[in-house]
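So the chains spell out like this:
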Amino acid sequence: MCTMIVQQVEIEGSGKGVGGWFNLQQANVSYDHPFNLPLEHALNIDFVNQAQGTGARVAVELDAASARALVEAILAVLRRAEAGGYLESPAQVNPVTGS
Amino acid sequence: MYQTNMYEGMLAETITLQGYNGEIINAYFARPLGPGPFPGMVLAHHLPGWDEWYREATRKFAHHGYATISPNLYFREGHGTPEDVAAKVRGAGGISDDQAVGDIQGALQVLLSLPYVNGRVGVFGTCSGGRHAFLAACRVKGFAAVVDCWGGRVTMEKEELTSKQPVAPVDYTQDLSCPLLGLFGEEDQSPTPAQVAQLEEALKKHGKSYEFHMYPKAGHGFFYYHRPVYRQEQAVDGWAKLFAFLEKHLNPPK
């Protein structure tokens, strides 16, 4: 170990974990040891909802080149969506179901 | 040396102990059966968590004759799979050094209180655990040996210091109170050979007893048989050097 290079970002969205869909609260982006990818360090993204326990997690581990390609793809798609007038404000949380 | 006509038994189980601030945490404890006296070991787990490799390592030390406790240094983060809990810690920038040292000290106190422990206890760790083991050996009195396997960030730049890790462990070197064994890989990115040399310089400056082995063609975590970083030859040699070191300092001939 361990770089301890990490940044947390508050997010809104849904993630599908082992227990099904849950509301995302935060993304933890780190460049540190992955659990599964066979590299010493990786760009790790954990989409989590800490209020729902440690198991509320969707994990992604990428090599650096893949992470950069993903960022570019996301930004390119958002640019196209914005140009097309498709961007919406965040979805409203259902006050009854909480999801 | 084990002989095939020897009796051998082991007890391994989860226990609880008082760690940092007197708080209760859980821990994995493995010990040889029999009256002893046995030397003791505290195992500080790595960033990937209080995982299967560490439970196996705990039993491995017990198999070699050591009453061994591996405290769950992530206990306060909640429970779940070791990966999920460790991911939470990784996302939060690690745990505080004070807390880790306090939990390791708690495990030491348990071992020293046991009638079948010979009063000599060592501390071992890999990765962040190597760093924590070194820190504990500097900040806690009572350890008789420390093994740092590729502990990263023992040397730290000022800009790396945080409220959780406010002091570079190397800056505690003058307080190191027991012999140190360090196992490292030449291809490691953290610690790099240059960082290991920096630690060695501090040990020499303060006249500390240490033994370092820098393995060629090995990187970070070369003991981990479940990862591509595993290096069979270096790992076998490293374990042999480790147990020879512990035998010398924790279980000297009567």
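Note that this is a predicted model, so its numbers are computed, not measured.

(A) Molecular detail of the overall build of chain A. Tallying secondary structure elements over chain A gives one helix and four strands in all. Going from the N terminus to the C terminus, chain A shows its helices and strands as β-β-β-β-α. Counting only residues that meet the buried cut, chain A has 23% of its 99 residues in that class. Considering only residue pairs separated by 6 or more positions, chain A has 41% of its internal contacts joining residues 24 or more positions apart.

(B) Structural context of unusual backbone geometry. Cis geometry marks the peptide bond from G36 of chain B to P37 of chain B, where omega comes out at 0°. Take P37 of chain B: it is sitting in the loop between β2 (24–32) and β3 (38–44). In this model, S190 of chain B is joined to P191 of chain B through a cis peptide bond whose omega is 15°. Considering the arrangement of structural elements, one finds P191 of chain B in the loop between β7 (180–185) and α5 (193–205). Positive phi, normally seen in glycine, also occurs at M4 of chain A, with a value near 60°. Mapped onto the elements, M4 of chain A comes out in the segment before β1 (5–17). On the basis of neighbour counts, which here come to 22 C-beta atoms within 10 Å, the residue M4 of chain A falls in the buried class. For K217 of chain B, which is not a glycine, the phi torsion comes out positive at approximately 55°.

(C) Region of interest: helix α3 (residues 97–113) of chain B. End to end, α3 of chain B covers 24 Å across 17 residues, agreeing with the expected 24 Å (1.5 Å per residue, within 8%). Across the 17 residues that make up α3 of chain B, a large majority, 13, are buried.

(D) Representation of the interface of chain B and chain A in the model. Listed as interface residues are 26 residues of chain B and, on the opposing side, 19 residues of chain A. The biggest single contributor to the side of chain B that touches chain A is helix α2 (residues 82–91) of chain B, with seven residues. In terms of residue class, the side of chain B that touches chain A is built from seven nonpolar, 12 polar and seven charged.

(E) Molecular detail of the environment of A136 of chain B. Residues and elements named next belong to chain B. Note on placement: A136 falls in helix α4 (residues 128–139). For A136, a count of 27 C-beta atoms within 10 Å translates into the label buried. Remark: the alpha-carbon pair of A136 and Q105, spanning 31 residues in sequence, is separated by 7.3 Å. Residues within four places of A136 in sequence aside, it is in contact with V101, I104, Q105, V123 and F143.

(F) Representation of the nonpolar core within the structure. All names here are of chain B. Within the largest apolar cluster, 73 residues are counted, with the highest numbers of intra-cluster contacts made by V42, V123, A137, F143 and V146. Element by element, the count of residues in this core is highest for α3, at seven residues. Apart from the residues lying within four places of it in its own chain, the contact partners of V123 are V42, A44, I104, A133, A136, A137, F143 and V146.

(G) Here's a closer look at the sheet that holds strand β5 (residues 117–126) of chain B. Residues and elements named next belong to chain B. Spatially, eight strands are ordered β1-β2-β4-β3-β5-β6-β7-β8 in an open sheet, and the strand pairing comes out mixed. Strand pairing shows two members of the sheet lacking a second neighbour, β1 (10–18) and β8 (210–215), which therefore form its edges. Recorded for the sheet is a direction-independent mean angle of 20° between the axes of neighbouring strands. Where β3 lies against β5, six bridges are found, and the strand directions are parallel. Following the sheet pairing, G40 is matched in β5 by V121. This element, helix α1 (residues 52–63), spans β1, β2, β3 and β4 (67–71) of the sheet and lies at about 40° to β2.

(H) Just the sheet that holds strand β3 (residues 42–48) of chain A, in detail. A sheet is described by the order of its strands in space; here four strands give the open sequence β1-β2-β3-β4 (chain A), paired in antiparallel fashion. The sheet is open, and its two edges are formed by β1 and β4 (57–62) of chain A, each paired on a single side. Between one strand and the next, the sheet's axes are offset by a mean angle of 20°, whatever the strand orientation. Inspection of the sheet shows β1 of chain A paired to strand β2 (residues 20–32) of chain A by 11 bridges, in the antiparallel sense. Each bridged residue has a counterpart across the sheet, and for E10 of chain A the counterpart in β2 of chain A is Q26 of chain A. α2 of chain B contacts β1, β2, β3 and β4 of chain A of the sheet and is inclined by roughly 60° relative to β2 of chain A.

About the criteria used
- Residues numbered from 1 in each chain as written.
- Chains lettered and ligands numbered in written order.
- Predicted model: local features only at pLDDT ≥ 70, side-chain atom pairs only at ≥ 80, totals over all residues.
- Helix = DSSP H or I, 4+ residues; strand = E, 2+ residues; numbered from the N terminus.
- Buried ≥ 20, exposed ≤ 12 C-beta atoms within 10 Å, placed from the backbone.
- Contact = placed C-beta atoms within 7 Å.
- Expected span 1.5 Å × (residues − 1).
- Nonpolar A, V, L, I, M, F, W, Y, C, P; charged D, E, K, R; others polar.
- Core = buried A, V, L, I, M, F, W, Y, C linked by C-beta atoms within 7 Å.
- Pairing = 2+ DSSP bridges.
- Axes fitted to C-alpha atoms, helices over the stretch in contact; angles between N-to-C directions.

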